[in-house]
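# Fold and geometry: a report
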Amino acid sequence: MTNATEIPSRDQWLRLWSALPAASVKALASDLAGQHQVQDLALPQSGLGLLPITDSALGDTYFIGEIPLAQAHVRVTTTHGQSVEGAAILVDDRAGVARAMAILDAVLAARIPGCEAATELLDQGAAALAEQSHQRRSLLVATRVNFALLGTNEEDDDE
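Notes on the structure follow. (Residues numbered from 1 in each chain as written. Predicted model: local features only at pLDDT ≥ 70, side-chain atom pairs only at ≥ 80, totals over all residues. Heavy atoms only, no water.)

In this section: the nonpolar core. By size, the foremost hydrophobic cluster in this structure holds 33 residues, and its most contacted members are W17, V25, L104 and L108. Put simply, the parts of the chain that give this core at least two residues each are helix 1 (10-18), helix 2 (22-35), strand 2 (61-77), strand 3 (83-90), helix 3 (95-110) and helix 4 (115-142). A total of 10 residues in this core trace back to one element, the largest contributor, which is helix 3. Contact partners of L104, with chain neighbours within four places excluded, come to W17, V25, L28, A29, L32, A118 and L121. (Core = buried A, V, L, I, M, F, W, Y, C linked by side-chain atoms within 4.5 Å. Buried < 20%, exposed > 50% of the residue type's maximum accessible area, 1.4 Å probe, protein only. Helix = DSSP H or I, 4+ residues; strand = E, 2+ residues; numbered from the N terminus. Contact = heavy atoms within 4.5 Å.)

Before going further, it helps to spend a moment on the side chain of T77. Along the chain, T77 turns up in strand 2. Beyond its immediate sequence surroundings of up to four residues, T77 is in contact with H36, Q37, Q82 and S83.

Of the two faces of strand 3, the one lined by V84, G86, A88 and L90 is fully buried and the one lined by S83, E85, A87 and I89 carries no buried residue. Pairing of strand 2 with strand 3, which is carried by eight bridges, proceeds in the antiparallel orientation. Each residue of the ladder has a partner; that of H73, found in strand 3, is A87. Counting the residues that bridge the hairpin from strand 2 to strand 3 gives five residues, and of these G81 lies at a positive phi of roughly 95 degrees. (Pairing = 2+ DSSP bridges.)

As structure tokens, this is what we get:
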């Protein structure tokens, strides 16, 4: 388990949890919701967002496509009355996953009971991302082409 000093910055939490199967994130959030009171401050939603881009020549903004978005905003209250808010906005179409991550966000941000399990999921997500990165690097190495030998034949230069 990660020490409190080794917890990644909050802006990385959703990325790390997103690298894990949704079922494990939702299972932990369900357990935490059983330990604490969870109130939706905004109903979890999913839909499409427009992806804008600005034309570099004229400065006009136009939309190049749609992306799936899910968002949730919750308040988690402990049995001792401590209250904290958590939120999540994901490039995903599952509002339930966004709500689960919002619960984890609140619990870990306030270091309330259950934060150790949320931290363990961060560690698992970091390991999953490291494995993905290793696999991608392996694929790049396997497909590398050596062009150094092309065009070194003197006969090609005479033509």
